[in-house]
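So you can see what is in the structure, the chains are spelled out below.
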Amino acid sequence: LKFAGNNLLFSRPLLSFDVKFKSAPHLRLLKEMLTNLFSAPEGHRKTKPFVDHIISFHILDKRIWIRHYQIVQATGGLKPTKAEKSSSSDLVEIGPRLVLSPVRIFSESFYGSTLYENPAFVHPNVVRRMLRKENSKAYERRTIRKQKTEKRKQKLRRERNEVDNIFAE
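Predicted model only: the values in this text are computed from it and were never measured.

How each quantity is defined
Residues numbered from 1 in each chain as written. Predicted model: local features only at pLDDT ≥ 70, side-chain atom pairs only at ≥ 80, totals over all residues. Heavy atoms only, no water. Helix = DSSP H or I, 4+ residues; strand = E, 2+ residues; numbered from the N terminus. Rg over C-alpha atoms; globule rule 2.2 N^0.38 Å. Buried < 20%, exposed > 50% of the residue type's maximum accessible area, 1.4 Å probe, protein only. Lys, Arg positive; Asp, Glu negative; His and termini not counted. Salt bridge = Lys/Arg side-chain N within 4 Å of Asp/Glu carboxyl O. Contact = heavy atoms within 4.5 Å. Polar contact = N/O pair within 3.5 Å; in protein donor to acceptor, adjacent residues only side chain to side chain.

A. Focus on the overall build of the protein chain. Each helix and strand in the protein chain was counted, giving three helices and seven strands. The C-alpha radius of gyration of the protein chain comes to 33 Å, more than 25% above the 15 Å expected for a compact globule of 169 residues. Along the three orthogonal principal directions, the C-alpha set of the protein chain runs to about 115 × 50 × 30 Å. Out of the 169 residues in the protein chain, the part that is buried amounts to 18%.

In structure tokens, the structure reads:
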């Protein structure tokens, strides 16, 4: 993936949120947190007075998908007309792409009461433990199969008698 495009340093981003952010209380809280995180502080001395990039937030599969776009003015001549200025802007994805899966929201930073917990989230350690259990069950099945094979072989063995040793010499 090669992202072509660039936005100016210290320019303000325009934040675009999906309509689904208004549907649930935890999503409204996440929208407020993301707004505080990605927006430029008001009146900051290095912030430029214009917008040349957009950060979009969408919800799909209970995850937050973040995309970063640059606003590109496509002009044919040196001085664009007013109609060209209003209708000739395109969006070019400049990256990075992010996918966030909210696990838990606390009332304080990294501690406190839990405001939201994702019921569909499965911790990776639990997944690894389940895989190890499956592998250990496979080992148990294999050892039981070996024991059954040994028992069957013992039943099929015949006892040696005196005639078996006639041609041994």
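B. Local environment of the side chain of Asp18. With respect to the helices, strands and loops of the structure, Asp18 is situated in the loop between β1 (12–17) and α1 (25–38). Lys20 provides the closest opposite charge to the buried, unpaired Asp18, separated from it by 4.6 Å. If we ignore the near neighbours within four places in the chain, the residues touching Asp18 are Phe57, His58 and Ile59.

C. Representation of the environment of Ser23. Within the element layout of this structure, Ser23 appears in the loop between β1 and α1. Ser23 sits in the exposed class, given a relative accessible area of 57%. Taking C-alpha positions, Ser23 is 27 Å from Pro41, a pair spaced 18 residues apart along the chain. A distance of 2.6 Å separates the side chain of Ser23 from the backbone oxygen of Lys20, its partner in a polar contact.

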